[in-house]
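Residue-level structure breakdown
Residues per chain, in single letters:
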Amino acid sequence: MITWIDFERREPDLAAAGRAQFYQHGLGLGFLATVRRDGGPRVHPVCPVIGAHGLHLVVMPGPKLADLRRDGRYSLHSETVPPPREDDGFAVTGRVREVSDPSLRAAIRAQVEAERGGAAWEGFDQHVLFELGIERCLLMLTRPGETFPKGPTVWKA
């Protein structure tokens with residue numbers, strides 16, 4: 001498993017394509033799958049933060065926080081795009097690491113504020129910061145792009 005920063009160094013085109021999928025609306029949007037206590041999947045809408053410090057999530061108290069703390073496995077999938085590319089997407093899977101470093105929290109907060117016109121959401125400072133480690137990713141394209149062919153491109157750490 002590697003960090004997003006390492007992923008960008010190893011696979012810059014694939015990382016750029018993935019970031020573009022998550023940030024197609026100007027800020028990170030996606031769906032996070034976690035593992036419930038009974039082993040079943042749970043899916044949550046989330047706002048991933050991808051930037052100079054890696055791939056992060058700021059998680060409010062609730063079921064997904066409990067899932068991530070108990071079993072750090074996750075899968076994060078981008079939103080779908082409008083037709084004719086509605087089946088395009090990008091997904092990463094791996095394990096999370098809880099982050100408590102105040103300087104990193106401050107940097108992530110600054111990025112969130114910049115992406116949202118100067119303000120983070122209410123309760124931001126009480127939420128938990130996670131870095132998402134990457135074990136594998138999938139880019140799916142309905143039409144060939146400049147760098148990747150039509151269909152799936154799979155990468156494993």
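Up top is the structure these notes are about.
What counts and what doesn't
Residues numbered from 1 in each chain as written. Predicted model: local features only at pLDDT ≥ 70, side-chain atom pairs only at ≥ 80, totals over all residues. Heavy atoms only, no water. Helix = DSSP H or I, 4+ residues; strand = E, 2+ residues; numbered from the N terminus. Buried < 20%, exposed > 50% of the residue type's maximum accessible area, 1.4 Å probe, protein only. Expected span 1.5 Å × (residues − 1). Contact = heavy atoms within 4.5 Å. Pairing = 2+ DSSP bridges.

1. Describing the environment of Thr-153
Within the element layout of this structure, Thr-153 appears in strand E9 (residues 151-156). A relative accessible area of 16% places Thr-153 in the buried class. Sequence-wise, Thr-153 and Ala-110 are 43 residues apart; in three dimensions their C-alpha atoms are separated by 33 Å.

2. Remarks on helix H4 (residues 102-115)
A rise of 1.5 Å per residue sets the reference length of H4, with its 14 residues, at 20 Å; its end C-alpha atoms lie 20 Å apart and thus fit the reference within 8%. As for H4, its buried residues are in contact with helix H2 (12-22), strand E3 (49-51), strand E4 (54-59), strand E6 (89-99) and strand E7 (128-132). With its phi angle positive at about 75°, Gly-117 sits one or two positions after the end of H4.

3. Points about the pairing of E7
With five of five residues buried, E7 is to be regarded as a mostly interior element. Alternating positions in E7 separate into two faces, Val-128, Phe-130 and Leu-132 on one and Leu-129 and Glu-131 on the other, with burial throughout. Pairing of E4 with E7 involves four bridges; the strand directions are antiparallel. Bridge pairing links Leu-57 to Phe-130 in E7. Relative to E7, E6 runs antiparallel, the two being bridged by four bridges.

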